[in-house]
Amino acid sequence: MTTLFSKSLTKVDIENGLSIPASTLGPLPFQEGHSMNMHVHDGNGQEWIFSCSIKGNESVGRFLSVGWIEFVRERNLQVDDNVTILEEVMNNRATGTWIKIEVKRKIRLFGKDIWADVK
């Protein structure tokens, strides 16, 4: 699996949508203002469809805006949770690749911080 993107979530990511710098994803298949759906799968194999669009501003440049509010609410995501988007090559699937989303939350267990999957 190849990590496409990973970040610690902010209040803006949770309330308004995930922002991914376009430069981290390589060439994008569409231009600013256009939109597409990103099909991702969580750790349970459930498919989620995130509406994505290219946006831009002077301070951060171009970025992919991901509409994922339903996923945020369903998983009860919080500020400082860590989200990772991965690409997995599937040898037995016609699509060739599978986009996977993982979310982890830091919890304290027996005096130590560990990262647990958010399901």
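Presented here is a report on the structure given in the accompanying data block. (Residues numbered from 1 in each chain as written. Predicted model: local features only at pLDDT ≥ 70, side-chain atom pairs only at ≥ 80, totals over all residues. Heavy atoms only, no water.)

**Section: the pairing of strand β6 (residues 82-89)**
Move 1: The pairing of strand β1 (residues 2-8) with β6 spans six bridges and is classified as antiparallel. Directly across from Phe 5, in β6, lies its bridge partner Ile 85.
Move 2: The pairing of β6 with strand β7 (residues 97-109) spans eight bridges and is classified as antiparallel. Residue Asn 82 lies in a different strand from β7, and its bridge partner there is Lys 104. (Pairing = 2+ DSSP bridges. Helix = DSSP H or I, 4+ residues; strand = E, 2+ residues; numbered from the N terminus.)

**Description of unusual backbone geometry**
Move 1: Backbone geometry at Asp 80 places phi at a positive 80°, although glycine is not the residue there.
Move 2: Among the secondary structure elements, Asp 80 is positioned in the loop between α2 (69-75) and β6.
Move 3: If you check the backbone angles, Phe 110 has positive phi at about 55° while not being a glycine.
Move 4: Locating Phe 110 in the fold gives a position in the loop between β7 and β8 (112-117).
Move 5: Of the residues examined, Phe 110 reaches a relative accessible area of 80% and is grouped as exposed. (Buried < 20%, exposed > 50% of the residue type's maximum accessible area, 1.4 Å probe, protein only.)

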